Amino acid sequence: MDRPDATRKWRPGWPCPVRNVLAQQRRGAGDPTMRLAPPGERGPHWRASRTPEGPVTLAIESRDSAGEVRAQAWGPGAAWALDQLPDLLGAADDWTGFEARHPVVAEARRRYPHVRLGRTARPLEALVPTIIEQKVTGNEAFAGFRALVLKYGAPAPGPAVGLHLQPEAASLARIPSWAWLGLHIDPARSRAVVTAARHADALERIAARTGGAVDLDRAIRSLPGLGVWTRAEVRQRALGDPDAVSFGDYHVAKDVGWALFGREIDDREMHAVLEPWRPHRGRVPLLLGAARLRRPRRGHRASLRGHLPTV
């Protein structure tokens, strides 16, 4: 294996479920920017990213029963990524003030006391795949993101063969409109990605502020084609915002209703149901998801739409 540019050993103050926290950032099993070891294995888990100091590849693993995390990094962004590693794995996630309030939530909290939100501090990295996931099936979204990264991204630094970086903002802004169709990404979503890429520097500055979730939400809301679901998904991943709820998601409200009341609810009812948990509303779907308390799925998965041209 190539010698890493930097390494770090870090011992969390809790039994950190490294794979589970990193999986919050993954976009489907075929995500070309991440490669997680199978469940039950300690790693290494691979992640490629663009930092303010340049590209980086991280290899992260939990090496002993006491929970020591060891990370190796390759690329110009190695020092930045290793400095940010604890936040990526949930160290900055503060549950102070959270109350279970419901027996199902209390039981999920009891069974999964170490669930935490990681944060990447990279809003465009979260925003691009989130836009691609707007209003389409998961399979179509993941295929589109993968095609985008493989065609317009770059190989990640280090020894992980096949790992890729997301395209740079400037590269995204230059992709012609016709080329997006070849990625199975329609004009509404591609225009939103290009617009976001053109405002990438401003989004990064806003995300770097202390308590920047409100300002980042406002900045994303000012961009055309981006709604409440998109803003919440970005705040969750980039800033680890515990109050971000993915209203508008096909599954979230139905799953919350089924878990708490034994029936499906809609977004309007979920808004009222979750209000007592503010400013920790997002933790309720997080805990219920960790406990796999979801409504029974019915029917077959939707397939990719056939009216878009293939690559």
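Up top is the structure.
Worth saying up front: this structure is predicted, and the values here are computed from it rather than measured.

Cut-off values and rules
Residues numbered from 1 in each chain as written. Predicted model: local features only at pLDDT ≥ 70, side-chain atom pairs only at ≥ 80, totals over all residues. Heavy atoms only, no water. Axes fitted to C-alpha atoms, helices over the stretch in contact; angles between N-to-C directions. Helix = DSSP H or I, 4+ residues; strand = E, 2+ residues; numbered from the N terminus. Parallel < 35°, antiparallel > 145°, perpendicular 65-115°, else oblique. Contact = heavy atoms within 4.5 Å. Nonpolar A, V, L, I, M, F, W, Y, C, P; charged D, E, K, R; others polar. 1 Å grid on protein atoms, 1.4 Å probe; cavity = no way out; pocket = protein on both sides within 12 Å on 5 of 7 lines; lining within 4 Å. Points joined across faces, edges and corners; volume = space filled by probe spheres on them. Pairing = 2+ DSSP bridges. Core = buried A, V, L, I, M, F, W, Y, C linked by side-chain atoms within 4.5 Å. Buried < 20%, exposed > 50% of the residue type's maximum accessible area, 1.4 Å probe, protein only. Phe/Tyr/Trp six-rings, centres within 6.5 Å; stacked < 30°, edge-to-face > 60°. Lys NZ or Arg CZ within 6 Å of the ring centre and 35° of its normal. Polar contact = N/O pair within 3.5 Å; in protein donor to acceptor, adjacent residues only side chain to side chain.

Asker: Please clarify how the packing of helix α4 (residues 123-132) against helix α8 (residues 187-198) should be interpreted in this entry.
Answerer: Any two packed helices are characterised by the angle at which their axes cross and by the distance between the axes. With their axes 9 Å apart at the nearest point, α4 and α8 run at an angle of 170 degrees to one another. The angle between the axes of α4 and α8 places the two elements in the roughly antiparallel class. Across the interface between the two elements, Leu124, Leu127, Val128, Ile131 and Ile132 from α4 touch Arg189, Ala192, Val193, Ala196 and Ala197 from α8. Split by residue class, the contact of α4 with α8 holds nine nonpolar, no polar and one charged.

Asker: Can you walk me through the layout of surface pockets in this structure?
Answerer: Gaps left between atoms show up when a probe the size of a water molecule is rolled over them. Taken as a whole, the second largest pocket spans an internal volume of roughly 560 Å³. Forming the walls of the second largest pocket are 33 residues, and the residues nearest its centre are Arg50, Arg122, Leu124, Glu125 and Glu204. Elements with a minimum of two residues in the lining of the second largest pocket: β3 (45-51), β4 (54-62), α4, α6 (169-174) and α9 (200-207). Class assignment of the residues belonging to the lining of the second largest pocket gives a composition of 17 nonpolar, six polar and 10 charged.

Asker: What's the story with the sheet that holds strand β1 (residues 6-10) in this structure? I'm lost.
Answerer: What holds strands together in a sheet is hydrogen bonding between their backbones, with the strands either parallel or antiparallel. Read from one edge of the open sheet, five strands run β1-β5-β4-β3-β2, paired in antiparallel fashion. In this open sheet, the two edge strands, each paired with only one partner strand, are β1 and β2 (34-35). Where β1 and strand β5 (residues 69-74) come together, five bridges link them in antiparallel fashion. Bridge pairing in β5 places Trp10 opposite Val69.

Asker: What is the right way to read empty space enclosed by the protein from this model?
Answerer: One pass over the structure, following the stated rule, counts one cavity of 30 Å³ or more. Taken as a whole, the largest cavity encloses approximately 80 Å³ of empty space. Taken together, Arg47, Ser49, Thr51, Val56, Leu58, Trp80, Ala81, Gln84, Leu88, Thr120 and Arg122 form the lining of the largest cavity. Taken together, the elements giving at least two residues each to the lining of the largest cavity come down to β3, β4 and α2 (78-88). Sort the elements by how many residues they give to the lining of the largest cavity and α2 lands first, with four residues. When the residues that make up the lining of the largest cavity are grouped by side-chain class, the tally is five nonpolar, four polar and two charged.

Asker: Explain the nonpolar core to me, please; I cannot follow it from the model alone.
Answerer: For soluble globular proteins, the rule of thumb is that nonpolar side chains tend to be buried together. Counting residues in each nonpolar core, the largest one holds 34 residues, and the members touching the most others are Leu127, Leu148, Leu172 and Trp180. Of all the elements in the fold, those that place two or more residues in this core are α4, α5 (138-152), α7 (177-181), α8, α9, α10 (213-221) and α11 (228-239). Of all the elements, α4 adds the most residues to this core, at six residues. Setting aside residues up to four positions removed in sequence, Leu127 forms contacts with Ala196, Leu203, Ile220, Leu226, Thr230 and Val234. Within the second largest apolar cluster, 21 residues are counted, among which are Val115, Val252, Val256 and Leu260.

Asker: Sorry if this is basic, but what is going on with the packing of aromatic side chains here?
Answerer: Between two aromatic rings, the relevant description is the distance of the centres plus the angle of the planes. In total, this model carries three aromatic pairs according to the counting rule given. On the basis of an interplanar angle of 85 degrees and a centroid distance of 5.1 Å, the ring pair of Trp95 and Phe98 is categorised as edge-to-face. Across this residue pair, the class does not change: Trp95 and Phe98 are buried. We note Arg283 situated over the ring of Trp95; from NZ or CZ to the ring centre the distance is 4.2 Å.

Asker: Just to check I follow, could you spell out the side chain of Glu68 for this structure?
Answerer: Structurally, Glu68 can be placed in the loop between β4 and β5. There is a polar contact of 2.8 Å between the side chain of Glu68 and the side chain of Arg70. Aside from chain neighbours lying at most four places away, what touches Glu68 is Lys9, Trp10, Arg11, Glu61, Ser62 and Arg63.

In short, shape yes, function no, at least from these values alone.
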